[in-house]
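# Geometric and topological summary
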Amino acid sequence: MSPMASSLTVGFDLDMTLIDSRPGIRACYTALAERTGTFIDADLAVTRLGPPLAEELINWFPAEDVPAMADLYREMYPSIAIAATPAMAGAREAIDAVRAAGGRTMVVTAKYEPNARLHLAHLGIEPDVVVGDLWAEQKAAALREHGAGVYVGDHVGDVRGARAAGAFSVAVATGPCPAGELREAGADVVLGDLSDFPEWLTGYREAPGAVSLA
């Protein structure tokens, strides 16, 4: 194993990076609306996934009710959202590519960590580390703690987290942020989706920091 391979740690975001969480989250918002009698435009909500749950709920509930609504949503989530959520194209292959290179993988997400773990277990995706409840620059602490040199995500918040950690930012244009916006935020490379990641990783290992497929 080469020195780089032995030290390779790659972090991944979860929602819209490894999993297509839109069907499950849409169903959960619909159920929350029915349970509370409050209108929630679930179709709109799933177009802006990435930030913490509270940042979406504040659009539909008074600020003083948001903590209780977040707790209710998270309680309902496992029975509604997990089975409805598929893996994104190339997700398993991306994790496998890091392993094949002798590296470690971690998931760092704004999602409530117990629910993040349920998603990964349901889909048979097994990262070495899972850290939840972190958004944007907050992700940098976990990335630094585990020595992640690369962070992969679909949102400009993920780009900011990677840059704050001093990690190479790999963006995938599979979430709410188009490729141009991800580049403007400072992504080092933008891929169409994770299907392109194994090829990119091969090049990155040969010349760290110098590879782009965009």
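Refer to the structure presented above.
Scope of this entry: the structure provided in the associated data block. (Residues numbered from 1 in each chain as written. Predicted model: local features only at pLDDT ≥ 70, side-chain atom pairs only at ≥ 80, totals over all residues. Heavy atoms only, no water.)

Further remarks concern the overall build of the protein. Along the backbone of the protein there are eleven helices and six strands. At 17 Å, the protein has a C-alpha radius of gyration in line with the 17 Å of a compact globule built from 214 residues. Overall, the protein is about 55 × 35 × 30 Å in size when its C-alpha atoms are taken along their principal axes. Taken over 214 residues, the protein has a buried fraction of 52%. Sequence separation of 24 or more characterises 60% of the internal contacts of the protein that already satisfy a separation of 6 or more. (Helix = DSSP H or I, 4+ residues; strand = E, 2+ residues; numbered from the N terminus. Rg over C-alpha atoms; globule rule 2.2 N^0.38 Å. Buried < 20%, exposed > 50% of the residue type's maximum accessible area, 1.4 Å probe, protein only. Contact = heavy atoms within 4.5 Å.)

A few words now on the layout of surface pockets. What the largest pocket holds in volume is close to 380 Å³. Around the largest pocket sit 27 residues that line it, and D15, G50, P51, P52 and L53 are the ones nearest its centre. Listed by contribution, the elements that provide at least two residues to the lining of the largest pocket are α2 (22-36), α4 (53-57) and α5 (66-81). A per-class count over the lining of the largest pocket returns twelve nonpolar, five polar and ten charged. (1 Å grid on protein atoms, 1.4 Å probe; cavity = no way out; pocket = protein on both sides within 12 Å on 5 of 7 lines; lining within 4 Å. Points joined across faces, edges and corners; volume = space filled by probe spheres on them. Nonpolar A, V, L, I, M, F, W, Y, C, P; charged D, E, K, R; others polar.)

Time to look at the packing of aromatic side chains. Applying the stated criterion to the full structure yields eight aromatic pairs. Pairing F39 with W60 gives two aromatic rings, centres 5.8 Å apart and planes at 80°, and the pair type is edge-to-face. With F39 in the loop between α2 and α3 (42-45) and W60 in the loop between α4 and α5, this pair connects stretches of sequence that are 21 residues apart. Look at W200 and Y204: their rings are 4.8 Å apart centre to centre, the planes differ by 25°, and that puts the pair in the stacked class. Note that W200 and Y204 are positioned in helix α11 (residues 197-206) at a spacing of four residues, about one turn of the helix. A single burial state applies to W200 and to Y204, both of which are buried. Through successive ring pairs, a cluster of aromatic residues spans F12, F168, F197, W200 and Y204. (Phe/Tyr/Trp six-rings, centres within 6.5 Å; stacked < 30°, edge-to-face > 60°.)

On to helix α9 (residues 156-165). Summarising burial for α9: seven of the ten residues are buried, a large majority. On its buried face, α9 sits against α8 (139-145), β4 (150-153), β5 (168-172) and α10 (179-184).

Below, the discussion takes up the pairing of β4. Covered by surrounding structure in β4 are V150 and V152 together with Y151 and G153, the residues of both alternating faces. As paired elements, strand β1 (residues 9-12) and β4 share three bridges and run parallel to each other. Bridge pairing links V10 to V150 in β4. Bridging between β4 and β5 involves four bridges; their strand directions are parallel. Note that in β5 the partner of V150 across the bridge is F168. In this region the chain leaves β4, passes through α9 and returns to the parallel neighbour β5; the handedness of that crossover is right-handed. (Pairing = 2+ DSSP bridges. Right-handed = clockwise from strand over helix to strand, strands pointing away.)

Core analysis: the biggest nonpolar cluster contains 30 residues, and F12, L18, V152, L194, F197, W200 and L201 have the highest contact counts within it. Among the elements of the structure, β1, α6 (91-100), α7 (113-123), β4, β5, β6 (189-191) and α11 are those that each provide at least two residues to this core. Per-element tally for this core: the top contributor is α6, with five residues. Ranked by size, the runner-up nonpolar core spans 26 residues in total, among them Y29, F61, L72 and Y77. (Core = buried A, V, L, I, M, F, W, Y, C linked by side-chain atoms within 4.5 Å.)

Orientation of α2 relative to α5, taken along the N-to-C sense of each, is 125°, at an axis distance of 9 Å. Taken together, the axes of α2 and α5 lie oblique to each other. When the axes of α2 and α5 are compared, the crossing they make is right-handed. Counting all contacts with α2, which are made through G24, I25, A27, C28, Y29, A31, L32, R35 and T36, the residues of α5 involved are M69, L72, Y73, M76, Y77, I80 and A81. (Axes fitted to C-alpha atoms, helices over the stretch in contact; angles between N-to-C directions. Parallel < 35°, antiparallel > 145°, perpendicular 65-115°, else oblique. Left-handed = near helix turned anticlockwise from the far one by under 90°.)

So, on to the pattern of salt bridges. Overall, the coordinates contain nine salt bridges when judged by the stated rule. Here R26 ties to D43 by a salt bridge, and the two come within 2.8 Å at their closest N and O atoms. Pair noted here: R26 is in helix α2 and D43 is in helix α3, with a separation of 17 residues, a long-range link. Among the ionic pairs, E137 bridges to R160, the shortest N-O distance being 2.8 Å. Of this pair, E137 sits in the loop between β3 (129-131) and α8 while R160 sits in helix α9; the two residues are 23 residues apart in sequence, bridging distant segments of the chain. Residue E137 is classed as partly exposed on the basis of its relative accessible area of 40%. Exposure remark for R160: the relative accessible area of 33% places this residue in the partly exposed category. (Salt bridge = Lys/Arg side-chain N within 4 Å of Asp/Glu carboxyl O.)

All quantities given are derived from atomic positions and should not be read as evidence of function.
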